[in-house]
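What follows is each chain in one-letter form.
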Amino acid sequence: MFLQIVGQNQRFHSISGIYYRSVETIHRYFRIVLKAVLKLCKHLIKDPDNTVPAEIMNNQRFYPYFKV
């Protein structure tokens, strides 16, 4: 349910019809999973490094959009 809401931009109401649960139940479990993901975010999400791949840096078509 969490991945459908986040990944596919679904609403609680449409998810409740798929899983035959109330909107309140969907909301409650969504918040539980969201809090767990936020606690693990330091381990799951890596800050991007500021390096640009050579094939982009050497290409005039793409590089202006990826300047560091």
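Residues numbered from 1 in each chain as written. Predicted model: local features only at pLDDT ≥ 70, side-chain atom pairs only at ≥ 80, totals over all residues. Heavy atoms only, no water.

(A) Up close: the overall build of the protein chain. Along the protein chain, the regular secondary structure elements total five helices and zero strands. Listing each helix as α and each strand as β along the protein chain from the N terminus yields α-α-α-α-α. Relative to its length of 68 residues, the protein chain is extended, with a C-alpha radius of gyration of 19 Å against a globular reference of 11 Å. Considering only C-alpha atoms, the protein chain reaches an extent of 55 × 25 × 15 Å along its principal axes. Considering the protein chain as a whole, with its 68 residues, one finds that 13% of them fall into the buried category. Per element, the accessible surface of the protein chain, about 6,300 Å² overall, is 57% carbon and sulfur. Within the protein chain, the 4 negative side-chain charges are centred at a point lying 10 Å from the centre of the 10 positive side-chain charges. (Helix = DSSP H or I, 4+ residues; strand = E, 2+ residues; numbered from the N terminus. Rg over C-alpha atoms; globule rule 2.2 N^0.38 Å. Buried < 20%, exposed > 50% of the residue type's maximum accessible area, 1.4 Å probe, protein only. Areas by Shrake-Rupley, 256 points an atom, 1.4 Å probe, with all protein chains shown as cover. Lys, Arg positive; Asp, Glu negative; His and termini not counted. Charge placed at Lys NZ, Arg CZ, Asp CG, Glu CD.)

(B) Region of the structure containing a nonpolar patch on the surface. Taken together, the side chains of Met1, Ile18, Tyr19, Tyr29, Ile32, Val33, Val37, Leu40, Leu44 and Ile45 make up a nonpolar region of the molecular surface, amounting to roughly 910 Å² of accessible area. Contributing elements (two or more residues each) for the nonpolar patch: helix H2 (12–19) and helix H3 (23–39). At four residues, the largest contribution of residues to the nonpolar patch is made by H3. Its relative accessible area of 45% is what places Tyr29 among the partly exposed residues. (Patch = residues over 30% accessible without salt bridge, like charges linked within 9 Å, V, L, I, M, F, W, Y side chains within 5 Å. Salt bridge = Lys/Arg side-chain N within 4 Å of Asp/Glu carboxyl O.)

(C) Here's a closer look at the packing of aromatic side chains. Scanning all chains against the criterion turns up two aromatic pairs. On the basis of an interplanar angle of 75° and a centroid distance of 5.4 Å, the ring pair of Phe12 and Phe30 is categorised as edge-to-face. Placement of the pair is Phe12 in helix H2 and Phe30 in helix H3, with a sequence separation of 18 residues. Members of the aromatic cluster, joined through ring pairs, are Phe2, Phe12 and Phe30. (Phe/Tyr/Trp six-rings, centres within 6.5 Å; stacked < 30°, edge-to-face > 60°.)

Interpretation in functional terms is not warranted from these geometric data alone.
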